[in-house]
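# Secondary and tertiary structure notes
What follows is the residue order along each chain.
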Amino acid sequence: MVSPPWVGLPTDSTMLGHHRFAVAGEKYIRALRAAAAVTPVLLPSLQPALPADDWLDRLDGLLLTGAVSNIEPQHYGGAPSWPGNLHDPARDATALSLLQAALARDLPVLAICRGFQELNVALGGTLHQRVHEVPGLMDHREDPDAAVEQQYGPAHPVRLAQGGWLADWSGAEAIAVNSVHGQGIDRLAPGLWVEARADDGLIEAARNPAHAFVLGVQWHPEWRVTENPFHHRIFQAFGDACRRYSCKADRS
């Protein structure tokens, strides 16, 4: 019997009480198991980061999750951060180094929300630190007072690139997505192709055609993934790519 592929998730470094913990959202873990049919492996984020190859020698894919923190602007030449902006230097160090090493191996990568921003930054792109303050762009943040079902419910449509993966998987030209982010893509990194845009022009998804599977989305397809055929298809395609990588990987 063939074992499921192992997919790593860089964790967030979070203070709980008096101690620091490595944590990951359970919704991502469940989505990987239920829709991608892979085995999730939590990777502790430390600063300095642990050697990426120690993990990647054993992994078949990488999932970069969303988080409450934002990437420190020094990583993409952005303006200084504002007071109260939440950062996670250990997550930055771990995810950015992991991405570079994973791409060098052509390891499958699915990047969600903060993870999409990490992908863009790792490849040389930049970010809007406050999307809602950029002229012409709408407010993509959730209502903090709304119930979680409303926060993660459909918020706005995205237009899918003709001939792209997402258009193929959805069978549509546009589809409604949730919107739970304050930062977003400014300059798209070299090598990334746009897969989706919001009506205000903000890039909502991109992939790297130089690799077998490198896809980033700004929304949250992991939310109730088994109830959404389109989101389920995203995770299924990622799982399939991990299985192909596992079959050809030499771990002797």
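## Section: the sheet that holds strand 4 (residues 39-43)
The strand order 4-1-5-6-13-12-11-8-9 describes an open sheet built from nine strands, whose pairing is mixed. The open sheet has two edge strands, strand 4 and strand 9 (174-177), and neither has a second partner. On average, each strand axis in the sheet is inclined to that of its neighbour by 20°, with strand direction left out of account. Bridge count between strand 6 (residues 109-112) and strand 13 (residues 214-217): four bridges; the pairing is parallel. Bridge pairing links Ile 112 to Val 217 in strand 13. Running at roughly 120° to strand 6, helix 4 (residues 114-122) makes contact with strand 5 (61-64), strand 6, strand 12 (203-207) and strand 13 of the sheet.

## What to know about the side chain of Glu 118
In this structure, Glu 118 sits in helix 4. By relative accessible area, Glu 118 is classed as buried at 1%. Among the polar contacts made by the side chain of Glu 118, one reaches the side chain of Arg 91 at a distance of 2.8 Å. Aside from chain neighbours lying at most four places away, what touches Glu 118 is Leu 64, Ile 71, Arg 91, Ala 95, Leu 96 and Leu 99.

## Points about the pattern of salt bridges
As enumerated under the stated definition, the model contains 14 salt bridges in all. For Arg 105, the salt bridge goes to Asp 57, with nearest N and O atoms at 2.6 Å. Within this pair, whereas Arg 105 is found in the loop between helix 3 (89-104) and strand 6, its partner Asp 57 is found in the loop between helix 2 (52-56) and strand 5, the two being separated by 48 residues in sequence. By relative accessible area, which is 28% here, Arg 105 ends up partly exposed. One salt bridge connects Glu 118 with Arg 114, and the closest N-O pair in it is separated by 2.4 Å. With Glu 118 and Arg 114 both in helix 4, this residue pair falls four residues apart, about one helical turn. Members of the salt-bridge network, linked through shared partners, are Asp 12, Arg 91, Asp 92, Arg 114 and Glu 118.

## What to know about unusual backbone geometry
A cis amide bond, omega 5°, links Gln 47 with the succeeding residue Pro 48. Topologically, Pro 48 is positioned in the loop between strand 4 and helix 2. Although it is not a glycine, Ala 37 sits at a positive phi angle of roughly 60°. With respect to the helices and strands, the residue Ala 37 is situated in the loop between helix 1 (26-36) and strand 4. The backbone of Asp 106 shows a phi angle near 60°, a positive value even though the residue is not glycine. On the secondary structure map, Asp 106 appears in the loop between helix 3 and strand 6. Residue Asp 106 is classed as partly exposed on the basis of its relative accessible area, which comes to 22%.

## Brief notes about the packing of aromatic side chains
Within the structure shown, the criterion is met by five aromatic pairs. Each member of the aromatic cluster is reached from another via a ring pair, and the members are Trp 165, Trp 169, Phe 213 and Phe 238. Seen from the ring of Trp 82, Arg 130 lies directly overhead, with NZ or CZ sitting 4.1 Å from the centre.

Conventions adopted
Residues numbered from 1 in each chain as written. Predicted model: local features only at pLDDT ≥ 70, side-chain atom pairs only at ≥ 80, totals over all residues. Heavy atoms only, no water. Pairing = 2+ DSSP bridges. Helix = DSSP H or I, 4+ residues; strand = E, 2+ residues; numbered from the N terminus. Axes fitted to C-alpha atoms, helices over the stretch in contact; angles between N-to-C directions. Contact = heavy atoms within 4.5 Å. Buried < 20%, exposed > 50% of the residue type's maximum accessible area, 1.4 Å probe, protein only. Polar contact = N/O pair within 3.5 Å; in protein donor to acceptor, adjacent residues only side chain to side chain. Salt bridge = Lys/Arg side-chain N within 4 Å of Asp/Glu carboxyl O. Phe/Tyr/Trp six-rings, centres within 6.5 Å; stacked < 30°, edge-to-face > 60°. Lys NZ or Arg CZ within 6 Å of the ring centre and 35° of its normal.

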